[in-house]
Amino acid sequence: MQKAVLGRTGLEVTKLGFGAMEIRGPRIWGGRSVTDSEADRILNTVLDAGINFIDTAYDYGLSEEYIGRFISKRRDEYILATKCGCTVVNCGDHDETPHVWTRDNLLHNIETSLRRMNTDYIDLLQLHNPTVEQTEEGNLVEVLREIQASGKVRWIGISSTLPHIASYIQSGVYDSFQIPYSALERDHENIISDAANAGAGTIIRGGVGRGEPGAGLGNEDRWAVWEKAQLDELLEEGESRTGFILRYTLSHPNLSTTIVGTKNPEHLAENIRIAEKGALSGEIYEEAKRRLQAAGQGPKS
């Protein structure tokens, strides 16, 4: 399993990480049902395969509890990241997840996450997509540093997007950035490099475009870019579209890790097989970028 250093943290992470949102259960954002045995199996299979980076969040339903129940005994085998600023509100047949950007809520988040995941520290605590104004009004950086000083968190990061992420990178405060990106969503392609050049680690979400519609959960409008760019012509014999997308993401020279979620061990095995092939050749990577640009899919900044 290929690894990279997560920026200034010095943490050596597998380039293929695991996004634990897929084991959130059905109450959050229409998630799929997941049984205890499915969660147990997928989490332990992730570790057995050598993946060492797991990303979750306070508002990912059952995710943190499953991590605590099924792999906390293997805590020394993985680097654990979660997100804060979240709440979970029972709305009858589902839960809503409004964010509350206050010191009290962030302190509640970290204490609850530690308890759920049956650990006394989090490797990386990330703000869950606040605006710059929310961050400043809530003095959120000061709260993160307070939590870090307590020893409950080793490093601090943020999940963010344009336009706010540019200011966050310039601040020099955050040790990592979680950023949406794939061949089908190239808005942040240059931002990833900006973050890395500032010394931060880069955690890519959405790196397989959520999978091809029908086989996965990808959006048909977003995947229409594939057809427009005629990327089928660049596939190796037997290579799937999703496999190509994952290798495109892994080809970004400033990627630290990409978090790919699934509750299906067979899908996990396929992701690992693809990731082990590594980046696309330089020629194919550049041709894919050229075609995508011509199809109207390119970096925004």
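Notes on the structure in this doc start here. Along each chain, residue indices are assigned from 1 in the same order as the chain's sequence is written. pLDDT decides what is reported in this predicted model: residues at 70 or higher carry local features, side-chain atom pairs at 80 or more are listed and counted, and totals for whole chains, interfaces and linings draw on all residues regardless. Computation of side-chain values: all heavy atoms of the structure, hydrogens and water removed.

Secondary structure elements follow DSSP: runs of H or I no shorter than four residues count as helices, runs of E no shorter than two count as strands, and numbering proceeds from the N terminus. From N to C terminus, the protein includes 11 helices and 12 strands. Taking 19 Å as the expected radius of gyration for a compact globule of 301 residues, we find that the protein reaches 18 Å, a close match to that expectation. Counting over 301 residues, the protein shows a buried share of 55%. The contact rule is simple, with two residues in contact once any of their heavy atoms fall within 4.5 Å. A sequence separation of at least 24 residues applies to 74% of the contacts in the protein between residues at least 6 apart. A total of about 12,600 Å² of accessible surface is found on the protein, and carbon and sulfur atoms cover 46% of it. Just so you know, the count uses Lys and Arg for positive and Asp and Glu for negative, and it drops His and the chain ends. By convention, the point assigned to a charge is CZ for Arg, NZ for Lys, CD for Glu and CG for Asp. With 32 positive and 44 negative side-chain charges, the protein shows a spacing of 1 Å between the two charge centroids. The globule rule used for comparison is 2.2 Å times the number of residues to the exponent 0.38, while the radius of gyration itself is calculated over C-alpha atoms. In this scheme, a residue with accessible area under 20% of its type's maximum is buried, one over 50% is exposed, and one in between is partly exposed, where area comes from a 1.4 Å probe on protein chains only. The Shrake-Rupley method, run with a 1.4 Å probe sphere, supplies the accessible areas, and residue values consider only the shown protein chains as cover.

Before going further, it helps to spend a moment on the sheet that holds strand S11 (residues 201-205). Whether two strands pair depends on DSSP finding at least two bridges between them. Strand order around the closed barrel formed by 8 strands is S3-S4-S5-S8-S9-S10-S11-S12, with parallel pairing between neighbours. Strand-to-strand twist across the sheet, computed as the mean angle between neighbouring axes with direction ignored, equals 30°. Where strand S3 (residues 16-19) meets strand S12 (residues 257-260), 3 bridges bridge the pair, whose relative direction is parallel. The partner of Gly17 across the bridge, within S12, is Ile259. Structural elements are reduced to axes, namely lines fitted to C-alpha atoms, with helices fitted over the stretch in contact, and the angle between N-to-C directions of any two is expressed from 0 to 180 degrees. Packing of helix H5 (residues 140-149) onto the sheet brings it into contact with strand S5 (79-84), strand S8 (122-128) and strand S9 (153-159), and relative to S9 it is tilted by some 155°.

On any regular strand, side chains alternate: one points to one face of the sheet, the next to the other face. Of the two faces of S3, the one carrying Leu16 and Phe18 and the one carrying Gly17 and Gly19 are both buried. As paired elements, S3 and strand S4 (residues 53-55) share 2 bridges and run parallel to each other. From the neighbouring strand, Phe18 faces S4, where its bridge partner is Ile54. A clockwise path from the first strand over the helix to the second, with the strands pointing away from the viewer, defines a right-handed crossover. Between the parallel elements S3 and S4, the chain passes through helix H1 (residues 36-48) in a crossover that is right-handed.

What follows deals with the packing of helix H3 (residues 103-116) against H5. Two elements in contact, H3 and H5, have axes whose closest approach is 10 Å; the angle formed by their N-to-C orientations is 35°. Two packed elements cross with a definite hand, and for H3 against H5 that hand is right-handed. Contacts from Arg103, Leu106, Leu107 and Ile110 of H3 reach H5 at Leu140, Val143, Leu144, Glu146 and Ile147. Crossings are classed by handedness, with left-handed meaning an anticlockwise turn of the near helix from the far one by less than a right angle and right-handed meaning a clockwise turn.

Right, let's talk about the packing of aromatic side chains for a bit. Classification of ring pairs uses Phe, Tyr and Trp, with its six-membered ring standing for Trp, and accepts pairs whose centres are within 6.5 Å; under 30 degrees between planes counts as stacked, over 60 as edge-to-face, and the remaining range as tilted. All chains considered together, the criterion is met by 8 aromatic pairs. Ring centres of Tyr66 and Phe70 lie 5.7 Å apart, and the angle between their planes is 20°; on these two criteria the pair is classed as stacked. Taken together, the residues span about one helical turn, with Tyr66 and Phe70 both in helix H2 (residues 63-71) at a distance of 4 residues. As far as the burial class goes, Tyr66 and Phe70 line up, both buried. Relative to Tyr174, the ring of Tyr168 has its centre 5.5 Å away and its plane inclined at 80°; by these criteria the two rings are edge-to-face. Of the two residues, Tyr168 and Tyr174, both sit in the buried class. Taken together, Tyr168, Tyr174 and Phe177 form an aromatic cluster joined through their ring pairs. Criterion for a charge above a ring: Arg CZ or Lys NZ at most 6 Å from the ring centre, at most 35 degrees from the ring normal. The ring of Tyr78 carries the charged tip of Arg75 above its face, separated from the ring centre by 5.1 Å. Above the ring of Tyr121, the side-chain terminus of Arg75 is found at 4.2 Å from the ring centroid.

Another point: the side chain of Gln178. Relative to the helices and strands, Gln178 resides in strand S10 (residues 176-180). Here Gln178 falls in the buried class, since its relative accessible area comes to 1%. We call two N or O atoms a polar contact when they sit within 3.5 Å, provided that within protein one can donate a hydrogen and the other can accept it, with sequence-adjacent residues counted only if both atoms are side-chain atoms. Engagement of the side chain of Gln178 in a polar contact is seen with the side chain of Gln126, the distance being 2.9 Å. In contact with Gln178, other than residues within four places in its own chain, are Asp55, Lys83, Gln126, Ile158, Ser159, Ser160, Ile203, Arg205 and Ile259.

For the rest of this paragraph, the subject is the nonpolar core. Buried residues of nine kinds, namely Ala, Val, Leu, Ile, Met, Phe, Trp, Tyr and Cys, make up a nonpolar core once their side-chain atoms join them within 4.5 Å. Of all hydrophobic cores here, the largest spans 74 residues; its most connected members are Leu43, Ile54, Ile67, Leu127, Tyr174 and Phe177. What Leu127 contacts, discounting residues up to four positions off in sequence, is Cys84, Trp101, Leu106, Thr135, Leu140, Leu144, Gly157, Ile158, Ser159 and Tyr174. One finds Leu6, Ile79, Ala81 and Leu124 within the second-largest nonpolar core, a separate group that totals 9 residues.

Further remarks concern the state of the cysteines. Disulfides are defined as pairs of cysteine sulfur atoms found within 2.5 Å of each other. What the rule picks out here adds up to 0 disulfides. Free cysteine Cys91: the closest other cysteine sulfur is in Cys86, separated by 15 Å. Cys91 sits in the partly exposed class, given a relative accessible area of 34%.

So, about the environment of His188. Along the chain, the position of His188 falls in the loop between S10 and helix H7 (189-197). On the basis of relative accessible area, His188 is assigned to the buried category, the value being 6%. Residues within four places of His188 in sequence aside, it is in contact with Thr161, Leu162, Ile165, Ile179 and Pro180.

Any functional reading would require information that these geometric values do not contain.
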